[in-house]
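# An overview of the molecular structure
Read off the chains here:
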Amino acid sequence: MFTAAAESFLKQARETPEEELDRFTSRVAALLQGRDPGPEAVDGLQRLHLVVAATKYPRRLDGKFVELLQTVLCLPKCPEQVQVLCAAILREMSPCSELILSCEEVQDTKLLSLISSVLLAQGDKKAEVSAVGQRIVKVLEGRLPEGQSSRHLLPVLSNVISLSPVSLTEEQINVVSKKMVDWLRYASVQQGVAQPSGGFFSNPRARQPVPVTEVDGAIATDFFTVLSLGQHYTEDQWLNMQAFSMLRKWLLCYGGEGLSTPNSDDRSEMDGSVMSMVSTTSTSSHLLPPKERLREKAFEYCQRLIEQSNRRALKKADGELQKACLIEAVTILDIICKQDSSYVYRTLSSLKILHGRISGDVTYARALLPIAQFFLNHSEMAAVDSDAIYKHLFTEIPAQLFHNPSLAFEFIQFCKDNSQLFTDTSSIFRQSFPNLFKFLAWNSPPLISEFVDLLPFLLDAGTAIEIFHLLLDLPCLTAALDIQLRSTSLPGSEKAACDPTVKPATCLEAFRHPLYKSMFQYLLRIEAAPEDSPESLIPLRQLLGSLASSARVVQCAETVPVLLELFFSVVAEFADKPLINQLVLLMLQRSDQLYETPAFKDDVHRVLSSQLLTLCKLHPALIVELSKELLEFSGSISNIRNKEALFTHLVWAIGEYMSVSYDKRCTVEQINRFFEALEAMLFEITQLRPLASIPNYPPRVITVLMTTLTKLASRSQDLIPRVSLFLSKMRMFVQNPAVTSVYCEEDCEEILIRATELMNLLKMPSVAQFVFTPSVDVASTQFQRDVNDTLPFALRIVSRLLEGGAGFVPG
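Scoring rules and cut-offs
- Residues numbered from 1 in each chain as written.
- Predicted model: local features only at pLDDT ≥ 70, side-chain atom pairs only at ≥ 80, totals over all residues.
- Heavy atoms only, no water.
- Helix = DSSP H or I, 4+ residues; strand = E, 2+ residues; numbered from the N terminus.
- Buried < 20%, exposed > 50% of the residue type's maximum accessible area, 1.4 Å probe, protein only.
- Contact = heavy atoms within 4.5 Å.
- Areas by Shrake-Rupley, 256 points an atom, 1.4 Å probe, with all protein chains shown as cover.
- Core = buried A, V, L, I, M, F, W, Y, C linked by side-chain atoms within 4.5 Å.
- Phe/Tyr/Trp six-rings, centres within 6.5 Å; stacked < 30°, edge-to-face > 60°.
- Lys NZ or Arg CZ within 6 Å of the ring centre and 35° of its normal.
- pLDDT = per-residue confidence, 0-100.
- Axes fitted to C-alpha atoms, helices over the stretch in contact; angles between N-to-C directions.
- Parallel < 35°, antiparallel > 145°, perpendicular 65-115°, else oblique.
- Nonpolar A, V, L, I, M, F, W, Y, C, P; charged D, E, K, R; others polar.
- Polar contact = N/O pair within 3.5 Å; in protein donor to acceptor, adjacent residues only side chain to side chain.

Here we come to the overall build of the protein. Check the secondary structure of the protein and you find 43 helices and zero strands. Here the protein holds 811 residues, and 51% of them are scored as buried. A separation of at least 24 residues holds for 73% of the contacts in the protein among residues at least 6 apart in sequence. Entry remark: accessible area of the protein is about 38800 Å², with carbon and sulfur atoms responsible for 54%.

Put into structure tokens, the structure is as follows:
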């Protein structure tokens, strides 16, 4: 951010000891008390300002020195640069207990601006904001002495209304509104005159005023605006530009029905009678109350800016100024129409023409946002179909400008602010989610918080499945966008058609290759395509694996778990049983089809595992309804190796919900099939093979498999002897030297304790059935809930009872 030299200089300023700072302030004080503070004093003040501003912690300055700074600031003949530096240091020291400044008697507008800036920095402990506001308006209302300028005061007034709009009375609001009408509408259209040098060769003709020009060089034929150009500007032209810069803030604070203050007059009856007699288009606009007149002149000013934006700027800087002013003008028109609906119809036509003119130029993309905002706010009242405007915005802009970080933030912020409006009025918003995700894929860290707020509005039963796929493919989308961006920047000679018979050697070649073209098109689609299947992306995921270490891809991958958890929490609120079943199947299917980065896979498997249990709890019958698919997944040893968390949670869910208590369709045959499949898994991972290495499976997998088998046996009691025999062999398993070489003592003990508890419980089949298969009502009690373990607390109690005395055990 800074150069090495600047960083070194800042570090030196931050680490200046207090003793050295005191000695330095003494030297500066001596310079300020001299007869005429000169360059040496300026240099000392600059260094002192750097020291007090370089750290966020307040630096202590001597109280007498702070008083001296205030005295020097108010000296009538003090050099302006010294005054500016004194004020800057005092602002950095705020809040300041030694402050004695007051703006009450100050007449000089420059000095008033500096003193006001110090007072406003104090935090309004002593009503400084109100005092400054009152003084600024009083000075603006009166006649300024010769050589004084109001333009030093408008930035201060803007700060006042930002900090405390209620600090101005209704009468003062009207005073400033009248002034703003004059500043906006009646500034001179002649350029300012340069100050004569007084030299022998000075030309009197050069001092003659000439007209201001438009950005295309033509002489301005209408009133002056911020887009009117000249070599020099007059005082009223500067005020015109400043008034426009604070117009939006002023209208938002005071342009409506009026700010209710203790000193405001009730003029509602007079305003209503005036408005009933005088049209906003009347030439007698001076009869309007100040707020309405300001609104009218602001409307005319903004319409003039829209007309000026149609001119071709001769300079690039003027072109950028055109765009910025256009955005501000449309935003102000929206505010005006909210405050007075009679302006809506007059604005709609001009904005439709404007949209048609700029929609094909991507350099005007930011200006399309306030235009869309206007139509969102007013098209319903005006009975205007604005879907074409929204469609262009959501389909064209993200696809072309996803890599523009400032536009990405503004676009997503616009969507977030209007998400409820869009979901209520237009289907285009939700249908365009693939395009919106391009902003996130390319700008993941800065946009994640905005997308957390936005995602719930994009989700419904129609988009949930496709958004689930897109979230899992988000890092892949980032890589594809990178390839797309690089491909568009290639010279024309390198974009020649690829030979379809030759396999592409690089991602750039694959982007244009017929084999991958349709895959790229699907991943980079601009709107929802629920009928298409993402299964065809498997080769593309493998191809783009070469970009897995890219910093942008890694950052994007880190955001996916957060969004996945949010996705499931939102979907759980509206998902029906078919949608839940479909999501569970996709979770199992997509767990194998993820972008090739190990950390990303582990994070996604962790989220999918926890959310699988949530979905099973919402719809327990899915274990029976999807029994074929779940049997296939839980019967594969590779799923333990590669997806241990997902496998373990699924096995737990089978043991918990494969019960007639949750689904009357559950049969003994289904229970037996699951038992046999899981028994084979447990046998596979615990059998001791001669001359073979013992696979190191997590002990949790073994304990969950044992528990689930026991649960299933308690519901089909013919299976109890089989599982009891298996459990009895676990002591021999954990005591085998080959096993103890792989598992630590704590792991072996955990497996053995669980096997013993389960075996003891199966000695009492009726108790086991109660513990493992309670009725739904009993299952919801605290006695049966155990959030930290895979077994209910009842198992431990029964196990201890059995261990208490052998005579208690039946048989």
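Next comes the rest of the account.
As a further point, take the nonpolar core. For soluble globular proteins, nonpolar side chains are generally found buried alongside one another. Ranked by internal contacts, the top residues of the largest apolar core, which has 255 residues, are Trp 250, Phe 437 and Phe 567. A total of eleven residues in this core trace back to one element, the largest contributor, which is helix 28 (residues 551–571). Beyond its immediate stretch of four places on either side in the chain, Trp 250 contacts Leu 157, Ile 161, Leu 168, Ile 173, Val 176, Ser 177, Met 180, Gly 255 and Leu 294.

This part takes up the packing of aromatic side chains. Applying the stated rule across the entire model yields 23 aromatic pairs. Here a set of aromatic residues connected by ring pairs shows up, and it is made of Tyr 390, Phe 394, Phe 411, Phe 414, Phe 422, Phe 429 and Phe 439. Over the ring of Tyr 364 we find Lys 323; its NZ or CZ atom is 4.9 Å from the centre of that ring. The ring centre of Tyr 522 lies 4.1 Å from the NZ or CZ of Arg 525, which sits over that ring.

This part covers the environment of Lys 729. Along the chain, Lys 729 falls in the loop between helix 37 (720–728) and helix 38 (730–735). In this structure, the C-alpha to C-alpha distance between Lys 729 and Thr 686, residues 43 residues apart in sequence, is 9.9 Å.

Our next topic: the environment of Ile 371. Among the secondary structure elements, Ile 371 is positioned in helix 16 (residues 365–382). Spatially, the C-alpha atom of Ile 371 lies 6.5 Å from that of Val 330, the residues being 41 residues apart in sequence. Among residues more than four places away in sequence, those in contact with Ile 371 are Val 330, Leu 354, His 355 and Ile 358.

When pLDDT is averaged across the protein, the result is 86; 88% of the residues are at 70 or more. Scored below 50 in pLDDT, residues 260–283 makes 26 contacts in the model with residues more than four places away or belonging to other chains. Confidence drops under a pLDDT of 50 for residues 778–790, and excluding neighbours within four residues, the segment shows 25 contacts in the predicted structure.

Turning next to the packing of helix 16 against helix 18 (residues 405–417). Axis separation between helix 16 and helix 18 bottoms out at 10 Å; the angle between their running directions is 10°. With respect to helix 18, the axis of helix 16 lies roughly parallel. Contacts between helix 16 and helix 18 involve Ala 365, Arg 366, Leu 369, Ala 372, Gln 373 and Leu 376 from the former and Leu 407, Glu 410, Phe 411 and Phe 414 from the latter. Looking at the contact of helix 16 with helix 18 residue by residue, the class counts come to seven nonpolar, one polar and two charged.

Of the consecutive residues Ser 94 and Pro 95, the connecting peptide bond is found in the cis state with omega at -5°. Counting through the fold element by element, Pro 95 comes out in the loop between helix 5 (80–92) and helix 6 (109–120).

On the secondary structure map, His 378 appears in helix 16. Looking at His 378, the relative accessible area reads 5%, which means it is buried. Among the polar contacts made by the side chain of His 378, one reaches the side chain of Asp 334 at a distance of 2.7 Å. Once residues within four sequence positions are removed from consideration, His 378 is found in contact with Asp 334, Cys 337, Lys 338 and Val 344.

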